[in-house]
Amino acid sequence: MPHAIRIHQAGKADVLEWEEVEVGEPGLGQVRLRQEAAGLNFIDVYHRSGLYKQKMPFTPGVEGAGVVETVGADVVNVKPGDRVAYAGPIGGYAEQRLIDADRVVKLPDGISAEQAAGMMLQGMTAQMLLRSVFPVHEGDTILVHAAAGGVGLIMCQWAAAIGATVIGTVGTQAKAELARAHGCAHPIVYSRQNFVAEVSKITAGQKLPVVYDSVGRDTFLKSLDCLKVRGLMVSFGNASGPPEPIPPNLLAQKGSLYLTRPTLFHYIATREQLEQSAGELFEMVSTGKIKVEVKQRFALKDAAEAHRQLEARKTTGSTILTI
Ligand SMILES: NC(=O)c1ccc[n+]([C@@H]2O[C@H](COP(=O)([O-])OP(=O)(O)OC[C@H]3O[C@@H](n4cnc5c(N)ncnc54)[C@H](OP(=O)(O)O)[C@@H]3O)[C@@H](O)[C@H]2O)c1
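Residues numbered from 1 in each chain as written. Predicted model: local features only at pLDDT ≥ 70, side-chain atom pairs only at ≥ 80, totals over all residues. Heavy atoms only, no water.

### Overview of the domain arrangement of the protein chain
Then, in step 1: On domain assignment, one finds that the protein chain holds domain 1 (3-119 + 292-322) and domain 2 (122-264).
Then, in step 2: One C-alpha centre belongs to domain 1, the other to domain 2; they are set 28 Å apart.
Then, in step 3: Note on domain 1 versus domain 2: buried area summed over both sides is about 1,200 Å², and carbon and sulfur give 48% of it.
Then, in step 4: Interface area lost by domain 1 to domain 2 is led by Arg313, Thr316 and Gly317, which between them contribute 31%.
Then, in step 5: At the junction of domain 1 and domain 2, the tally comes to 0 salt bridges.
Then, in step 6: One can count 11 residue pairs in polar contact (both at pLDDT 80 or more) joining domain 1 with domain 2. (Domains from an automatic or database assignment. Buried area = accessible area lost by both parts, 1.4 Å probe. Salt bridge = Lys/Arg side-chain N within 4 Å of Asp/Glu carboxyl O. Polar contact = N/O pair within 3.5 Å; in protein donor to acceptor, adjacent residues only side chain to side chain.)

Structure below.
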């Protein structure tokens, strides 16, 4: 029988258990996927810890790639043997799984399953943030928090390819060098530097039209101080915990700011949106504008150790769970 990681109760990394699972045959509109790799993402930590509630027990993981084994009735977009990937439907930490066919996309020849598992969620998130939530243009200067992380390294490269100037925060000097090598013109080590003052210095007091903040509690309020009048605060994650609530009037006081809290799944909800987003990502990777290097690999059964390293800020770029 195939194996999967299962969670029976929310908690620390040791609640991730390696178990045999029954997969079953695909139903109407579904495919059975033999996975070759699953992606590791910070949202997996929120699901595991209970910050984002799930019905128990469940298989975590929202990203993976592999080969279609069998298809159910009414599936037209893929056939057995196709190489595919996805981001979204939970259940990714598994050797095999069922998934709705309209949530998978075919992989171009030049993109491996491991690369795909390391980039679908983070890459489509970067596409959402830079191309849709706040369309970044050549000449813009933007702030990306956690710039050496999974989403961060892709955002740095994508924004630089557009011709924007990227300011990025990172936890260590080594991460600063890594972010710089991926297109971040101004890495700021926010564990020892005041990033609000640095942004003011870099922009000669002009400040920014947009801040992309996935760190949450530790950075949220200071991020507002990096924005120019009518700038956009994009809060898209909680790596340090969820931000404290704020009164709407604070946005007025800080310069009639806009605030949005996007989640990828609302931006790839239709088949057309999913294909557009994945297509743009594949194009950026296939043309070499974005390099997705898998920086950490763990066997799927060692998912708990992968979680510990992610939460301890020891990972950079993408991490995958191999099968
Ligand atoms: N809204 C959406 O649809 C969406 C989609 C995908 C991802 N996200 C969010 O994007 C963020 C990045 O995701 P990712 O998977 O690519 O993770 P990641 O950036 O590779 O890892 C998180 C990074 O956050 C930084 N961080 C700052 N304070 C931290 C703390 N107290 N604990 C742990 N990490 C801390 C660390 O970098 P430094 O050491 O450099 O500070 C850490 O490496 C997450 O917040 C995730 O939830 C949101």
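### Considering the site of the ligand
Then, in step 1: Taken together, 28 residues lie near the ligand, and Gly171, Lys175, Tyr190, Leu264 and Arg313 sit nearest.
Then, in step 2: The side chain of glutamine 122 places a nitrogen or oxygen atom 3.4 Å from an oxygen atom of the ligand.
Then, in step 3: A total of 900 Å² of accessible area belongs to the ligand in isolation, and the protein chains cover 92% of it.
Then, in step 4: At the level of elements, α1 (42-49), α3 (120-133), α4 (150-162) and α11 (303-311) are the ones that each hand at least two residues to the shell around the ligand.
Then, in step 5: For the shell around the ligand, the leading source of residues is α3, giving 3 residues.
Then, in step 6: Of the residues belonging to the shell around the ligand, the class tally is 13 nonpolar, 11 polar and 4 charged.
Then, in step 7: Among the domains, domain 1 (3-119 + 292-322) and domain 2 (122-264) are the pair contributing at least three residues each to the shell around the ligand. (Near = heavy atom within 4 Å. Areas by Shrake-Rupley, 256 points an atom, 1.4 Å probe, with all protein chains shown as cover. Helix = DSSP H or I, 4+ residues; strand = E, 2+ residues; numbered from the N terminus. Nonpolar A, V, L, I, M, F, W, Y, C, P; charged D, E, K, R; others polar.)

### Let's talk about the environment of lysine 53
Then, in step 1: Tracing the sequence through the fold places lysine 53 in the loop between α1 and β4 (63-71).
Then, in step 2: Residues lysine 53 and alanine 239, 186 residues apart in the sequence, show an inter-C-alpha distance of 16 Å.
Then, in step 3: A distance of 2.8 Å separates a polar atom in the side chain of lysine 53 from the backbone oxygen of glycine 50.

### A word on the pairing of strand β11 (residues 208-213)
Then, in step 1: When you tally the buried positions in β11, you get 6 out of 6 residues, the bulk of the element.
Then, in step 2: Two elements, strand β8 (residues 141-144) and β11, share 2 bridges in a ladder whose sense is parallel. Looking across to β11, one finds that leucine 143 is bridged to valine 211.
Then, in step 3: With 5 bridges joining them, β11 and strand β12 (residues 227-235) adopt parallel strand pairing. Each residue of the ladder has a partner; that of valine 210, found in β12, is leucine 232. (Buried < 20%, exposed > 50% of the residue type's maximum accessible area, 1.4 Å probe, protein only. Pairing = 2+ DSSP bridges.)

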